[in-house]
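Letter by letter, the chains look like this.
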Amino acid sequence: DPKARPVDAFRAPAFTQPDHDTPLAGLAQALSSVEPKLQKFIGQKQKELTEEDIAEGTNLFNRNRADFAEAVRRGIIPAGANPHLQRGYRIAELKAKGIAFTQSLQQKWAQSPVKQSNDPAEFQRFLQEETAAYSAANLEGFEANEIAEGFNPSLSRATNVLQQQHTAFRIADNEQRAKDN
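Presented here is a report on the structure given in the accompanying data block. (Residues numbered from 1 in each chain as written. Predicted model: local features only at pLDDT ≥ 70, side-chain atom pairs only at ≥ 80, totals over all residues. Heavy atoms only, no water.)

1. Some details on unusual backbone geometry
Then, number 1: Notably, arginine 65 is not glycine yet its phi reads approximately 55°, a positive angle.
Then, number 2: Among the structural elements, arginine 65 can be located in the loop between α1 (23-64) and α2 (68-73). (Helix = DSSP H or I, 4+ residues; strand = E, 2+ residues; numbered from the N terminus.)

See below:
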């Protein structure tokens, strides 16, 4: 029974050290020492341009207050605009939505029966339901990293402040009820 056996037919080519005294080798050496400085300069310039574009997007939103899709439809943001400008616009929009969420959450808590509840689980359910409802209605189409940067800081502040407010209100209300009895 004949069997095939692998045969290594590769032979490495002979290697000779390059001549470092040629003009081309000298140019290569000079460029290799300049390249890190050039890369640093290019990186810094790119960062500056990115920050400027993000700031321009933020300013566009602050002047117009239109949601992103409406801004594109109205020509405020040209279709295919610089992605950093778009990002600045969208994050500014999310920050505005965060402020609106804070106000909405405060109003809904003030009108909700949960305001009268001493049950922490009921209060947490209220926060979760309101956050989920607001997010579903207002955050669709945004990237997760945009939401994390633009909306979540307001979300965190709003829930922390309301938690403290609710606790203080419940303590004062319970103390008043105890006095009245």
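2. Comments concerning the environment of glutamate 93
Then, number 1: With respect to the helices and strands, glutamate 93 occurs in helix α3 (residues 83-111).
Then, number 2: With a relative accessible area of 5%, glutamate 93 lands in the buried category.
Then, number 3: For the pair glutamate 93 and phenylalanine 61, spaced 32 residues apart in the sequence, the C-alpha separation amounts to 6.6 Å.
Then, number 4: Ignoring any residue separated from it by four or fewer positions in sequence, one finds glutamate 93 in contact with Phe61, Asp67, Phe68 and Phe142. (Buried < 20%, exposed > 50% of the residue type's maximum accessible area, 1.4 Å probe, protein only. Contact = heavy atoms within 4.5 Å.)

3. As for the pattern of salt bridges
Then, number 1: In total, this model carries seven salt bridges according to the counting rule given.
Then, number 2: In this structure, the salt-bridge partner of arginine 170 is aspartate 173, at a minimum N-O distance of 2.9 Å. Of this pair, arginine 170 and aspartate 173 are both found in helix α6 (residues 152-180), three residues apart, which corresponds to roughly one turn of the helix.
Then, number 3: Taking relative accessible area as the criterion, arginine 170 reaches 6% and is therefore assigned buried.
Then, number 4: Its salt-bridge partner being arginine 177, residue aspartate 173 comes within 3.0 Å of it at the nearest N-O pair. With aspartate 173 and arginine 177 both in helix α6 and four residues apart, the pair spans about one turn of that helix. (Salt bridge = Lys/Arg side-chain N within 4 Å of Asp/Glu carboxyl O.)

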